[in-house]
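Structural description and commentary
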Amino acid sequence: MKGVYTKEELATLYRRRVGMVYQICLMLLKNVPDAEDAAQTVFRKVLERGEPFQDLEHEKAWLIVTARNECKNQLKHWWRTRRAGEEEMESFPWEQPGDGEIWQELLALPERERTALYLYYYQGYTTEETAELMGTKPATLRTWLFRARGKLKQRLEAEGYGI
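Cut-offs applied
- Residues numbered from 1 in each chain as written.
- Predicted model: local features only at pLDDT ≥ 70, side-chain atom pairs only at ≥ 80, totals over all residues.
- Heavy atoms only, no water.
- pLDDT = per-residue confidence, 0-100.
- Contact = heavy atoms within 4.5 Å.
- Salt bridge = Lys/Arg side-chain N within 4 Å of Asp/Glu carboxyl O.
- Helix = DSSP H or I, 4+ residues; strand = E, 2+ residues; numbered from the N terminus.
- Buried < 20%, exposed > 50% of the residue type's maximum accessible area, 1.4 Å probe, protein only.
- Phe/Tyr/Trp six-rings, centres within 6.5 Å; stacked < 30°, edge-to-face > 60°.
- Lys NZ or Arg CZ within 6 Å of the ring centre and 35° of its normal.

Thoughts on the confidence of the model for the protein chain
- On average, residues of the protein chain score 83 in pLDDT, and 82% of them reach the 70 mark or higher.
- Across residues 92-98, confidence stays below pLDDT 50; counting only partners more than four residues off in sequence or on other chains, it has 16 contacts.

A short note on the pattern of salt bridges
- What the rule picks out here adds up to eight salt bridges.
- For Glu70, the salt bridge is made with Lys45, and the minimal N-O distance between the two is 3.2 Å. In this pair, Glu70 is assigned in helix 3 (residues 56-76) and Lys45 in helix 2 (residues 32-48), connecting sequence segments 25 residues apart.
- Owing to a relative accessible area of 26%, Lys45 belongs among the partly exposed residues under this scheme.
- Across the pair Glu105 and Arg155 runs a salt bridge whose closest N-O atoms are separated by 3.3 Å. With Glu105 in helix 6 (residues 100-107) and Arg155 in helix 9 (residues 138-158), this pair connects stretches of sequence that are 50 residues apart.

Comments concerning the packing of aromatic side chains
- Applying the stated criterion across every chain, the model contains five aromatic pairs.
- Taken together, the ring pairs in this structure connect Tyr5, Phe53 and Trp62 into an aromatic cluster.
- Above the ring of Tyr125, the side-chain terminus of Lys60 is found at 4.8 Å from the ring centroid.

Here it is as structure tokens:
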């Protein structure tokens, strides 16, 4: 099947969105190699997609949902149950986006809360848009955001950030 994008269009799309897709994958998978693999798979799916995106917002939303689904699929895969435990994996250093300590504390939150915070604050989606991307109701999403902010605040205060 011939793709719907030229090489130049794909390269532009990749440059525009690779950082966002990689951050989502890293946030969910918590290690660089798996995040890189997942991000690569997401962009391969763009190639396999038989139709162009409607606009930039559609492109962004599709990539976020696809990245999240790819990470969830990887986390459920049988291969993950037969590899080193999480404690061993956390002993390895891994790259992280800016915001150092805040990012570490964000990663310590439950998956749905950290995803909600990421989409709302880092990607700038409204609560309604974030709820739709995460497959939940806006009221539920606002509860997750409220809880996540509270947990994040407690963690940062415990670390001496005086928030």
